[in-house]
Amino acid sequence: MKTYKINIKLKNGNEIHSSVVARNQADAMRRLEKTPEFVDFIGDSEISSVSIDPVPIKPLDNERFAVTTIDNKPGWYVIADLDNLLRVEFKKGRYNETNSVSAISQGKELTALQAATALREIGEYLSINFKELI
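Let me sum up the structure you'll find in this document.

Definitions and limits used
- Residue positions are given per chain, counting from 1 as you read along its sequence in written order.
- Totals for whole chains, interfaces and linings use every residue, but because this is a predicted model, local features are given only for residues with pLDDT of at least 70 and side-chain atom pairs only at 80 or more, for both listing and counting.
- Where side-chain values are given, they derive from all heavy atoms of the structure, hydrogens and water being excluded.
- Any two of the Phe, Tyr and Trp rings considered here, Trp counted by its six-membered ring, make a pair once their centres fall within 6.5 Å; the pair's planes then place it as stacked at under 30 degrees, edge-to-face at over 60, or tilted in between.
- Whether a residue is buried, partly exposed or exposed follows from its accessible area with a 1.4 Å probe, protein chains only, as a fraction of its type maximum: under 20%, in between, or over 50%, in that order.
- Remark: a charge is flagged as sitting over a ring if the NZ atom of Lys or the CZ atom of Arg is within 6 Å of the ring centre and within 35 degrees of the ring normal.
- Secondary structure follows DSSP: runs of H or I at least 4 residues long count as helices, runs of E at least 2 residues long count as strands, and numbering of each begins at the N terminus.

What follows is about the packing of aromatic side chains. One pass over the full model with this rule turns up 4 aromatic pairs. Taken together, a centroid distance of 5.1 Å and an interplanar angle of 70 degrees make the contact between Phe90 and Tyr95 edge-to-face. Judged by relative accessible area, which is 12%, Tyr95 ranks as buried. Seen from their ring centres, Tyr125 and Phe130 are 6.0 Å apart, and the 50 degrees between their planes marks the pair as tilted. By relative accessible area, Phe130 is classed as partly exposed at 25%. Put simply, the rings of Phe65, Tyr125 and Phe130 touch in pairs and so form one group of aromatic residues. The ring of Trp76 carries Lys73 above its face, with NZ or CZ at 4.2 Å from the centroid.

Here it is as structure tokens:
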């Protein structure tokens with residue numbers, strides 16, 4: 001599924017800016033129209049224009065992540081996300097059960113959404129490049 005940016009202008013001057021994950025543009029619009037927030041915001045207003053644009057998918061950067069063993073813990077690995085300054089320690093073959101997330105440095109504050117995205121991307125990177133470790 002792709003992410004779509006939907007921008008809707010209403011005749012009363014209000015605007016809606018939304019991101020929706022969907023199969024295609026029509027599905028994205030249907031999903032947005034079904035949300036209670038959309039229904040409440042629109043009310044009796046008329047739509048003057050709609051633009052739906054796919055958000056390009058950026059490939060994961062191989063220079064962003066570093067995977068190494070932990071010297072004093074046999075069978076344990078660490079992956080570092082150098083962009084978001086996060087590190088995840090985990091035992092080989094038991095990633096979901098044993099992962100421990102920590103910040104590399106106190107210098108960068110991540111929002112909850114940024115941290116969740118970074119952790120998802122770490123998992124994707126491991127799945128694509130180091131499937132035998134997870």
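It is worth spelling out the environment of Pro54 at this point. You can see Pro54 is positioned in strand β3 (residues 47–54). By relative accessible area, Pro54 is classed as partly exposed at 42%. Placed 49 residues apart in sequence, Pro54 and Ala103 show a C-alpha to C-alpha distance of 32 Å.

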